[in-house]
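# A closer look at the structure
Single-letter residue listing:
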Amino acid sequence: MGTVTAMLAATTLLGGCGSKSDPAAAPSTSSAASPTAEPRQALLDAVPDETDGAFQFSGKDASSDLRGRIDPAAKAFEMNMAMAPDKDGVTVKMSFLVVEEKIWMKAKFSGQPGLPKLPDKWLALDRAKLNDGDGVPSYDGADQGNAGPLIEAATSVAQEGPGKYTGFIDVTGGEAAKALEDGEAAALGEAGKHVPFTALVGSDGHLSSLVLEMPAAGKRKAYRYVVNYTGFGSTSKITAPTGSAATKAPALAYEILNG
């Protein structure tokens, strides 16, 4: 299934750009934004980190729509992803569940007869059986939407009101460029050095949304890069699936992922 391979390769929102111990990726300070901090630092302080409890995540990039849960204490996340129909009308919906080094998946295909059909359970994957173990999600920090690296690359930030920020981000280099699809930063050229954004910080001090207005580049139309973090304090913790909820992934699952 080339559609699945392309989907995984294109989905940059599946994981953060780097360790949260790296100051360039996100600060190690409290997630509560200080009203006296300069605007960019206030935003960085609001990005979720490893001290936060479980929360909800949703996001969009150039080719995918994601949503799920992140649980930093368990080094875990659940990610549900959907991709628009390909040229053959095939629609793919996939879910991944990661708890530390363990990973499970679900997948459903529709739009054409004779498509692969997998059990509707969490399918435990063996990374050693994957051609590209790095091609599937892994937990590498609370900030799965890469908000920290993007805000770090902001060239200007202004606070427009309580919890509302606007400014511009240079996405053409460093960790910010890694938040985009391969080759996208280079294709943007000069336009990529002045990408407008808006961000909202909730009354609880957590970053609730970051939206970049990405300009058109080559054949790619303009789009919105969106990250939403919500549900702090009300989201259930993540645990490994057990019993009838899970089973070993069949050979077909590896054929799909390795395709």
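Placed above this text is the structure.
Here goes a summary of the coordinates provided.

How each quantity is defined
Residues numbered from 1 in each chain as written. Predicted model: local features only at pLDDT ≥ 70, side-chain atom pairs only at ≥ 80, totals over all residues. Heavy atoms only, no water. Core = buried A, V, L, I, M, F, W, Y, C linked by side-chain atoms within 4.5 Å. Buried < 20%, exposed > 50% of the residue type's maximum accessible area, 1.4 Å probe, protein only. Contact = heavy atoms within 4.5 Å. Salt bridge = Lys/Arg side-chain N within 4 Å of Asp/Glu carboxyl O. Helix = DSSP H or I, 4+ residues; strand = E, 2+ residues; numbered from the N terminus. Arc of directions from axis to C-beta. Pairing = 2+ DSSP bridges. Axes fitted to C-alpha atoms, helices over the stretch in contact; angles between N-to-C directions. Polar contact = N/O pair within 3.5 Å; in protein donor to acceptor, adjacent residues only side chain to side chain. Phe/Tyr/Trp six-rings, centres within 6.5 Å; stacked < 30°, edge-to-face > 60°.

Counting residues in each nonpolar core, the largest one holds 62 residues, and the members touching the most others are Met105, Leu207 and Leu212. Not counting residues within four places of it along the chain, the set of residues in contact with Leu212 comprises Leu150, Ile169, Val171, Val195, Pro196, Phe197, Tyr223, Arg224 and Tyr225. Core analysis: the next-biggest nonpolar cluster, separate from the first, contains seven residues, Ala76, Val99, Trp104 and Ala246 among them.

Another point: the pattern of salt bridges. Taken as a whole, this structure holds seven salt bridges when the rule is applied. Salt-bridge contacts for Glu152 lead to Arg40; the nearest nitrogen and oxygen are separated by 4.0 Å. With Glu152 in helix H3 (residues 147-152) and Arg40 in helix H2 (residues 39-46), this residue pair connects regions lying 112 residues apart in the sequence. When its relative accessible area of 26% is taken as the criterion, Arg40 is described as partly exposed. For Glu78, the salt bridge goes to Arg69, with nearest N and O atoms at 2.8 Å. Since its relative accessible area comes to 17%, Glu78 is described here as buried.

When helix H6 (residues 251-258) is considered as a whole, its buried residues turn out to be Ala253, Tyr254, Ile256 and Leu257. The arc that holds every buried residue of H6, seen down its axis, measures 160°, which confines them to one face. Opposite the buried face of H6, by more than 90 degrees, sit the exposed residues Ala251 and Glu255.

Here five bridges tie strand S1 (residues 55-60) to strand S11 (residues 223-230), and the two strands are oriented antiparallel to one another. Bridge pairing in S11 places Lys60 opposite Val226. With six bridges connecting them, strand S10 (residues 207-214) and S11 associate as antiparallel partners. Looking at the pairing, Ser209 lines up with Asn228 of S11.

A separate point is unusual backbone geometry. At Lys75, a position not held by glycine, the phi torsion is positive, near 50°. Here Lys75 is to be found in the loop between strand S2 (65-71) and strand S3 (76-83). Of note, Glu100 is a non-glycine position whose phi angle comes to about 55°, a positive value. Along the chain, Glu100 turns up in the loop between strand S4 (91-99) and strand S5 (102-110).

Taken in spatial order, the twelve strands of this open sheet run S7-S8-S9-S10-S11-S1-S2-S3-S4-S5-S6-S12, and their pairing is mixed. If you trace the sheet from one side to the other, it starts and ends with strand S7 (154-161) and strand S12 (246-248), each paired once. Sheet twist, expressed as the average angle between the axes of neighbouring strands with direction ignored, equals 20°.

This next bit is on H2. Listed in full, the buried residues belonging to H2 are Ala42, Leu43, Leu44, Asp45 and Ala46. Elements that come into contact with the buried residues of H2 comprise H3, S7, strand S8 (164-169), strand S9 (195-201) and S10. For H2, the capping residue at the N-terminal end is Glu38, with a side-chain oxygen 3.1 Å from the backbone nitrogen of Arg40.

If you walk through the whole model with that rule in mind, you get four aromatic pairs. Ring plane angle 20° and centroid distance 4.6 Å describe the contact between Phe55 and Phe232, whose orientation is recorded as stacked. Taken together, the positions of Phe55 in strand S1 and Phe232 in the loop between S11 and S12 put the pair 177 residues apart, joining distant regions of the chain. Residues Phe55 and Phe232 agree in their burial class; the two are buried. Relative to Tyr229, the ring of Phe57 lies with its centre 5.8 Å away and its plane at 40°, an arrangement referred to as tilted. Taken together, the positions of Phe57 in strand S1 and Tyr229 in strand S11 put the pair 172 residues apart, joining distant regions of the chain. Judged by relative accessible area, Phe57 falls into the buried class, the value being 3%.

Nothing here speaks to function; it is geometry throughout.
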